[in-house]
Amino acid sequence: MSHTYRGPVALVTVLMALASAWTISLMLPAPAAADPGADQVFVGAYVKDVQDIDVTGESFTVDVYLWLRWTNPNINPPATLEVMNSNGFQNTTTSSTGGVAPKMLYDAPIDLPDGSKYMLMRYQGVFSRKLMLRDYPFDTQMLRVVFKDERADTRKLNYVPDTRPISINRSLLNTIPGYSLGTPELSIIDHRYETNFGDTRTPPDGVPFSCIAIDLPVKRNVLPYIVKLFLPIFIVVLITALIFVLPARLEEARAGIGITALLSIIALQWSTEGDLPSVEYLTMLDVIYILSMAYIAAATGYSVLASRRNHHEKAPALTAALDRRVGALSLAVYAALVVLTIYLHIHNAPPATHFFH
């Protein structure tokens with residue numbers, strides 16, 4: 001293409017791209033913007049204690065203080081603030097309808113010297129949170145408590161993080177059994193119900209609500225799980241490797257080792273599943289169990305074939321040498337697959353948050 005036409009063609013290409021982007025933007029729903037006249041409520045939190053993490057029930061118990069500060073005397077945000085992920089079946093402080101209810105530290109909102117209103121509340125109870133266990137037992141969980149004003153959407157009210165939005169009780173940093181606590185965060189998110197609940201004053205697809213999200217990252221302490229979970233598995237696998245050491249003529253003993261090892265691995269897996277909720281995916285520990293079962297099954301099957309070959313060839317020395325080579329190679333392949341599984345799960349894990357130790 002000559003230099004004469006290169007400029008106009010480039011201009012036409014840019015214009016066509018802009019037109020396409022403009023057309024697509026018209027087809028997409030416009031992002032919800034906060035009403036300039038909406039009331040602003042400053043919010044902050046103090047995490048007093050994380051008392052328990054129930055992995056099986058996918059819940060946790062936390063004690064947190066929350067404060068609100070606002071200027072409009074005609075609103076009362078503490079009265080309409082609700083917990084979105086409260087566990088209504090087990091908690092320590094409850095409302096009449098179930099779930100965690102706040103304990104107001106003052107009988108009524110306090111008037112501050114600058115003319116604003118202030119209220120401090122305490123929430124202590126059980127909260128629900130779906131846990132991601134793909135990397136179990138090397139997983140990191142994000143415990144989240146979410147608050148929302150049940151009556152005012154973003155057109156009327158918006159939360160704003162305070163100057164120092166969140167702090168933590170330093171004495172609890174190493175008091176969560178089995179976990180290390182990370183740096184907590186307080187953020188403001190918008191949550192939209194995809195319905196107007198029959199309210200004709202609201203758009204059919206609903207409006208967003210300003211929500212307060214308190215995130216508490218926790219990382220599982222790995223060493224106890226290595227001792228309790230991985231060590232028994234590897235002991236069973238090493239005992240299975242004795243199949244390749246025993247003479248081929250002892251086919252009953254070799255088969256007995258394989259069958260006993262396979263039953264032991266299955267029993268270990270059953271005992272582990274009792275500590276986890278039912279999930280639709282394989283955890284890292286499940287993959288290691290599957291690799292261990294495959295190794296034991298392959299070793300047992302090989303022992304049967306080796307015993308039959310030994311009966312036909314009558315060459316114990318050659319059979320023993322082959323058994324040792326196959327045993328060393330199969331154990332190396334198993335170890336490599338286990339290491340690769342652990343590496344991939346750790347490598348693909350979410351970015352680590354700063355954790356206290």
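Figured I'd write up the structure that's included with this text. (Residues numbered from 1 in each chain as written. Predicted model: local features only at pLDDT ≥ 70, side-chain atom pairs only at ≥ 80, totals over all residues. Heavy atoms only, no water.)

**Focus: the overall build of the chain**
Inference 1: A count of helical and extended segments in the chain gives six helices and 11 strands.
Inference 2: For the chain, the residues scored as buried account for 39% of the 357 residues in total.
Inference 3: The long-range fraction of contacts in the chain, counting pairs at least 24 apart against all pairs at least 6 apart in sequence, stands at 74%.
Inference 4: When the accessible surface of the chain is split by element, carbon and sulfur atoms take 63% of a total near 20,300 Å². (Helix = DSSP H or I, 4+ residues; strand = E, 2+ residues; numbered from the N terminus. Buried < 20%, exposed > 50% of the residue type's maximum accessible area, 1.4 Å probe, protein only. Contact = heavy atoms within 4.5 Å. Areas by Shrake-Rupley, 256 points an atom, 1.4 Å probe, with all protein chains shown as cover.)

**Some details on the pattern of salt bridges**
Inference 1: Within this structure, the stated rule accounts for eight salt bridges.
Inference 2: Close ionic contact of Arg-122 with Asp-63 constitutes a salt bridge, the shortest N to O distance being 2.5 Å. Placement of the pair is Arg-122 in strand β6 (residues 117-128) and Asp-63 in strand β2 (residues 59-70), with a sequence separation of 59 residues.
Inference 3: Looking at Asp-63, the relative accessible area reads 1%, which means it is buried. (Salt bridge = Lys/Arg side-chain N within 4 Å of Asp/Glu carboxyl O.)

**Re the packing of helix α3 (residues 222-240) against helix α4 (residues 251-273)**
Inference 1: Packing of α3 against α4 leaves a shortest axis separation of 9 Å and a crossing angle of 170°. On the basis of the axis angle, α3 is roughly antiparallel to α4. Here Leu-229, Pro-232, Ile-233, Val-236, Ile-239 and Thr-240 of α3 lie close against α4, whose contacting residues are Ile-257, Ala-261, Ser-264, Ile-265, Leu-268 and Thr-272.
Inference 2: Residue classes in the contact of α3 with α4 are distributed as nine nonpolar, three polar and no charged. (Axes fitted to C-alpha atoms, helices over the stretch in contact; angles between N-to-C directions. Parallel < 35°, antiparallel > 145°, perpendicular 65-115°, else oblique. Nonpolar A, V, L, I, M, F, W, Y, C, P; charged D, E, K, R; others polar.)

**Here we look at the nonpolar core**
Inference 1: Core analysis: the biggest nonpolar cluster contains 65 residues, and Leu-66, Leu-68, Leu-81, Tyr-123, Phe-147 and Ile-212 have the highest contact counts within it.
Inference 2: If you tally residues by element for this core, the top one is helix α5 (residues 284-313), at 11 residues.
Inference 3: Those residues in contact with Tyr-123, other than ones at most four positions away along the chain, are Val-62, Asp-63, Val-64, Leu-66, Leu-81, Val-83, Val-100, Ala-101, Pro-102 and Phe-147. (Core = buried A, V, L, I, M, F, W, Y, C linked by side-chain atoms within 4.5 Å.)

**A few points about α4**
Inference 1: In a regular helix each residue adds 1.5 Å, so 23 residues correspond to 33 Å; α4 covers 33 Å between its end C-alpha atoms and thus fits that length.
Inference 2: Every buried residue of α4 is accounted for by Arg-254, Ile-257, Gly-258, Ala-261, Ile-265, Gln-269 and Thr-272. (Expected span 1.5 Å × (residues − 1).)

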